Amino acid sequence: MSRNRFPLPAGGFRRAAALVLAAAALSACRQDMQNSPKAIPLRESVFFKDGSSARPLVEGTVARGTLQDDAAFFTGKDGAAEVDALPFALTADVLDRGEARFNIYCSPCHGPTGRGDGMIVRRGYRQPPSLHIDRLRQAPLGHFYDTVTNGFGAMPDYKAQIAPRDRWAIAAYVRALQLSQHAAVADIPAEDRAKLPQPAKAERK
């Protein structure tokens, strides 16, 4: 009499062994996917000799769109001197873009007209100088571009938030704001002067 009370059918042992091996293989694969090796940003790494998981750019390579071959455009300066000309044509679209960016990033401190009376200044933040003082009215456009790029005094830099072309658009709009507060009627094109509100005529007695 066989000592095995529940004998496996022919080939049953091989099938059972194959199922066990398949289950083990699948569980091992799943475990690898759950614990896949990867580099966490800013975390120390033992794989690289310098101990950093963040790898530097390959020497001599430039990311697409970041080739800064025009120093005046990307710095607002020609050598050490600030440039005083827009590096592209001034159009109504450029001023509209500058106004939109100014209202988003600048008006909270500088106010919508650039007088330094923005909403967060009214709530206790350090007040910036008015953009209409003589020093800033005489400043070249590159000064405003450089200030937006690198910050000035209590003002933080905005180079990570505002693209270079938009910084120039803001500089152009600041100049337009300054002109608007010190313009004379003679500065307005003749065809547009008729659109100005006319002073009320005194009534005859």
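The following refers to the structure shown. (Residues numbered from 1 in each chain as written. Predicted model: local features only at pLDDT ≥ 70, side-chain atom pairs only at ≥ 80, totals over all residues. Heavy atoms only, no water.)

Here the focus is the pattern of salt bridges. Inspection of every chain in the model, using the stated rule, returns 6 salt bridges. Here Asp84 and Arg175 are joined by a salt bridge, their closest N and O atoms 3.8 Å apart. Separated by 91 residues along the polypeptide, Asp84 in the loop between strand S2 (81-82) and helix H3 (92-110) and Arg175 in helix H7 (residues 164-181) bring together distant segments of the chain. According to the relative accessible area criterion, Asp84 is exposed, its value standing at 54%. Between Arg137 and Asp134 there is a salt bridge, with the nearest N and O atoms lying 3.6 Å from each other. Taken together, the positions of Arg137 and Asp134, both in helix H5 (residues 134-137) and 3 residues apart, correspond to about one turn of that helix. (Salt bridge = Lys/Arg side-chain N within 4 Å of Asp/Glu carboxyl O. Helix = DSSP H or I, 4+ residues; strand = E, 2+ residues; numbered from the N terminus. Buried < 20%, exposed > 50% of the residue type's maximum accessible area, 1.4 Å probe, protein only.)

Right, let's get into the side chain of Ser130. For Ser130, the position within the fold is in the loop between helix H4 (119-122) and H5. Residue Ser130 is classed as buried on the basis of its relative accessible area, which comes to 16%. A polar side-chain atom of Ser130 sits 3.1 Å from the main-chain amide nitrogen of His132. With sequence-adjacent residues up to four places away left out, Ser130 is seen in contact with Gly114, Arg115 and Leu136. (Polar contact = N/O pair within 3.5 Å; in protein donor to acceptor, adjacent residues only side chain to side chain. Contact = heavy atoms within 4.5 Å.)

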